[in-house]
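Per-entry structural report
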Amino acid sequence: MRKFASPLAILLVLTCAIVLGVHLLIDRAIDGAIKSHAEMDAMKWAKELNSNLLESGDALANGALTEDQKAVIDAAIKFGNVYAFIVYDTSGQMVYSSDYGAPGPGSVRTVNQTAQQVVASGTSNVEVVQRVSPSGSQSVFVDALVSAKGQDGRAIGAVQVYLDKSDIATFYHGLLDWIGLLLPVVCAVIYAIPSVAFVMKREQAFTRNERVRQLSRYDALTGALNRHTMSTEAKKRFADRDAYGEIGVFFLDVDKFKSVNDTHGHEFGDAYLKHIASLLISNVRETDLVGRMGGDEFVVCFPNASFEFLDEVGHRILNEANQPFEYKGKTIQGSLSIGVHLAELEESGPEALHAADLALYHAKTNGRNRMQVYFSALDAALLRRCAVEARMREALERDEFEIHFQPLSKPSDGSIIGFEALLRLNSADGTPICPTEFIPIAEETGMIQVLGMRTLRQAIETAKTWPDDIFLSVNLSPAQFQKGDLVTEIEALLTELVFPARRLELEVTENLLMADEERVSAQLVGLKRMGISIAMDDFGTGYSSLGYLWKYDFDKLKIDRVFLEGFEFDNARYREIIETIVTLGHKMGMQVTVEGVENESQTEMLNEFACDQYQGFLIGKPMPAAQALETISTERAAKPSVA
Ligand code: C2E
Ligand code: CA
Ligand code: CA
């Protein structure tokens, strides 16, 4: 609205000026009209009196008026607003005055210069005198001097008439006041209203234009700069490094935003993105740029930055993003991942953004909710990841993933009671790619859905060749629970392959339980109800939450091999920890498997705790299906009583 104040003020001033101008013009016109009206009146009266009084010319000579002549003057004074009548002779000397009559003999006769001029020139002289009383009423008097001529046309003197024109002036000025009042209204109708309408239209157009400008610059949802503006503005800063020095770049991404959207709906997701944008804006300086690059990705550009500054801002943002966010009664505790890069003077904008993006990628693959500063080795890591992903897609298509089986034994007699299926993949040159490298990629890319079910199918097909009392354990990724149809899929598979659910064990890790408790727990209950055993894998590496153990009623606890690794260095301490976990598992009604059993000294210690199962290189390394079957056969041949 401020932008319209000056045009409006100009309009107002213009309108006032016009009203005032018109008022002055009318005032002048009225004055002129009064004057000419008075002049005409005075002339008329002067002529009238002249012809009635001075016809003979005698009156001027001696100033003596007949009674008839005086009656005419009295009538004029009474009815014609004439309040004084003076007659002059040709020399300009007064010969008669309606107030004083004829001057007495011997009185000093002064000459009226104006009367003398009027007689000499034959032209009239009219003056209008206006006075305004303190009460505001206006008096208008007219003083008219008209030359008097005899019947032969000869100048015989002059007649002066004083007229009171106050009434007509009052009438005209009253009229003027009305016009003065009406004029602004008329102005409003013919001028101001269209002007105001014009101004309003301009305002609307301006607001519209401003909105269009905003839309074209800012992201409509979050209010951050949009992608186009962000890159244009960043480009300007990167082009002027003298002014902007070293420029910091944050590439940010909301962790698991898809699942926020899926779980709480798009309205909640939008509100969360708005919240993140305002969190970013409130944590940076005014000179920094915050832009939304699309989806849940944001970029922040910090001119004249330093590592210390970026580190401080980044941690502040991460901390604030960890605070619970509530919208319409739903609450989440989200997180962000940040890729950080401080661009050197010779670096271009796109190069800096690419580096920050790469760092973000590593922040995400290293567990999210963290910031990662770019360093050159990340480039090689990305290349490696791309190569592995490409190989995985190829292997999936050509069915080149393999499954190895690692035996689990019963401590009491060392007999094999089950196998864990572990995926294997070789690169094109035959070197193995570790599952800890390719499984996360499968999870991120969504390949795990197909790969997971295919692994389960193949593992069951292999397990069907084993004796009926040997179980099969298969790892499940959290991502496999996302679609929600895991129970029906596995049930259908078991039915199709005619494999008893009691022989199948599924291993899950704690991070599955943290994701989406309701959804996951319903599926875990469904699997257990089918008779499948559920094992909590890698216990001791995550939160080791007793809460999860109580809540989910696991059949088995697998103690991660880090404890046995620790035992090698600090026997007493790790012995105690392992004993505690075994006791805890048993107390909660679970079987306990110890992972990573590699030597006899470990089994000696473990044998004291009545563990249910051992798994590790001492019992057997993961082996191809054929070798697993051979191992079972060999063992059963050696100990026929076990079969
Ligand atoms: P995990 O489930 O804990 O599997 C056990 C891992 O420990 C295996 O590594 C195995 O080779 C290794 N291991 C077993 N005994 C010993 C030992 O005595 N000493 C040492 N140093 N290591 C031992 P691997 O095969 O590399 O698998 C790594 C992880 O990859 C697995 O850990 C599991 O989390 C994941 N993984 C493997 N296959 C699958 C799969 O089919 N699906 C899913 N979702 N994850 C899988
Ligand atoms: Ca496992
Ligand atoms: Ca494990």
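Residue positions are given per chain, counting from 1 as you read along its sequence in written order. As a convention, the first chain written is A and the first ligand written is 1, with the rest following in written order. Confidence filtering applies because this is a predicted model: local features only for residues at pLDDT of at least 70, side-chain atom pairs given and counted only at 80 or more, and all residues used for totals across whole chains, interfaces and linings. The basis for the side-chain values is all heavy atoms of the structure; hydrogens and waters are excluded.

1. Describing the domain arrangement of the chain
We apply this condition: Each domain's extent is set by a domain assignment, obtained either automatically or from a database.
On domain assignment, one finds that the chain holds domain 1 (2-214), domain 2 (227-375) and domain 3 (400-638). Using only C-alpha atoms to locate each centre, domain 2 and domain 3 end up separated by 38 Å.

2. A look at the packing of aromatic side chains
Keep this limit in mind: Pairing of aromatic side chains here covers Phe, Tyr and the six-membered ring of Trp, requires ring centres within 6.5 Å, and sorts the geometry by plane angle: under 30 degrees stacked, over 60 edge-to-face, intermediate tilted. Only DSSP runs of H or I covering at least 4 residues are called helices, and only runs of E covering at least 2 are called strands; the numbering of each starts at the N terminus. The cut-offs for exposure are 20% and 50% of the maximum accessible area for each residue type, with area from a 1.4 Å probe on protein chains only; residues under the lower value are buried, those over the upper are exposed, and the others partly exposed. Ring-over charges, as used throughout, are those where CZ of Arg or NZ of Lys falls within 6 Å of the ring centre and within 35 degrees of the ring normal.
Taken as a whole and assessed by the stated rule, the structure comprises 10 aromatic pairs. Ring centres 6.1 Å apart and planes at 70° place the aromatic pair Phe-268 and Tyr-327 in the edge-to-face group. Taken as a pair, Phe-268 in helix α9 (residues 266-283) and Tyr-327 in strand β9 (residues 325-327) lie far apart in primary sequence, 59 residues in all. The class of Phe-268 is buried, set by a relative accessible area of 2%. Ring plane angle 55° and centroid distance 5.2 Å describe the contact between Tyr-272 and Phe-325, whose orientation is recorded as tilted. Placement of Tyr-272 in helix α9 and of Phe-325 in strand β9 is noted, with a sequence separation of 53 residues between them. Just as Tyr-272 is buried, Phe-325 falls in that class too. Grouped by ring-pair contacts, the aromatic residues Phe-268, Tyr-272, Phe-325 and Tyr-327 constitute a single cluster. Taking NZ or CZ as reference, Arg-573 lies 5.6 Å from the ring centre of Tyr-574, over its face. The ring of Phe-617 carries the charged tip of Lys-621 above its face, separated from the ring centre by 4.7 Å.

3. Details of the coordination of the calcium ion (ligand 3)
Filter applied, for reference: Metal donors: N, O and S atoms at distances within 2.8 Å, or within 3.2 Å for Na, K and Ca, with water omitted from the atom set so that some sites may seem incomplete.
With distances of 2.2 to 2.6 Å, the protein atoms coordinating the calcium ion (ligand 3) are Asp-537 (OD), Asp-538 (OD), Glu-595 (OE) and Glu-595 (OE). The sequence motif formed by the donor residues of the calcium ion (ligand 3) is D-D-x56-E.

4. Section: the pattern of salt bridges
Using the following cut-off: Salt bridges, as used here, are contacts in which a Lys or Arg side-chain nitrogen is within 4 Å of a carboxyl oxygen on Asp or Glu.
This model, assessed by the stated rule, comprises 33 salt bridges. Notably, a salt bridge pairs Arg-285 with Asp-288, separated by 2.7 Å at the nearest N-O pair. Classification of Arg-285 by relative accessible area gives partly exposed; the value is 29%. One salt bridge in this structure joins Arg-636 and Asp-469, with 3.1 Å as the shortest N-O distance.

5. Brief notes about unusual backbone geometry
Of note in the backbone geometry, Lys-256 takes a positive phi value of approximately 50° without being a glycine. Within the fold, Lys-256 resides in the loop between β6 (247-254) and α8 (257-264). The phi torsion at Val-498 lies on the positive side, around 50°, for a residue other than glycine. Counting through the fold element by element, Val-498 comes out in the loop between α15 (486-497) and β17 (504-508). Its relative accessible area of 64% is what places Val-498 among the exposed residues.

6. A few points about the coordination of the calcium ion (ligand 2)
Coordination sphere of the calcium ion (ligand 2), protein contribution only: Glu-420 (OE), Asn-475 (OD1), Glu-507 (OE) and Asp-537 (OD), at 2.1 to 2.3 Å. Positions of the donor residues of the calcium ion (ligand 2) along the chain correspond to the pattern E-x54-N-x31-E-x29-D. Separating the calcium ion (ligand 2) from the calcium ion (ligand 3) is a gap of 3.7 Å, bridged by Asp-537, which donates to each. Here Glu-420 is found in strand β14 (residues 416-426), whereas its partner Asn-475 is found in strand β16 (residues 471-475), with 55 residues between them in sequence. Given the relative accessible area of 30%, Asn-475 is considered partly exposed.

7. Here we look at the sheet that holds strand β1 (residues 82-88)
For clarity, the cut-off: In this scheme, strands are said to pair when DSSP sees at least two bridges between them. Fitted lines through C-alpha atoms give the axes, limited to the stretch in contact for helices. The angle between two N-to-C directions lies from 0 to 180 degrees.
Taken in spatial order, the five strands of this open sheet run β2-β1-β5-β4-β3, and their pairing is antiparallel. Of all the strands in the sheet, just β2 (94-97) and β3 (125-132) have a single pairing partner and so form its edges. Between one strand and the next, the sheet's axes are offset by a mean angle of 15°, whatever the strand orientation. Inspection of the sheet shows β1 paired to strand β5 (residues 155-164) by six bridges, in the antiparallel sense. Looking at the pairing, Tyr-88 lines up with Ala-158 of β5.

8. Examining the environment of Pro-411
Formally: Whether two residues are in contact is decided by their heavy atoms, any of which lying within 4.5 Å being enough.
Residue position: Pro-411 is located in the loop between β13 (402-409) and β14. When the C-alpha positions of Pro-411 and Glu-397 are compared, they lie 41 Å apart, and in sequence the two are 14 residues distant. Filtering out sequence-adjacent residues up to four positions away, Pro-411 remains in contact with Asn-607, Cys-611, Asp-612, Gln-613 and Tyr-614.

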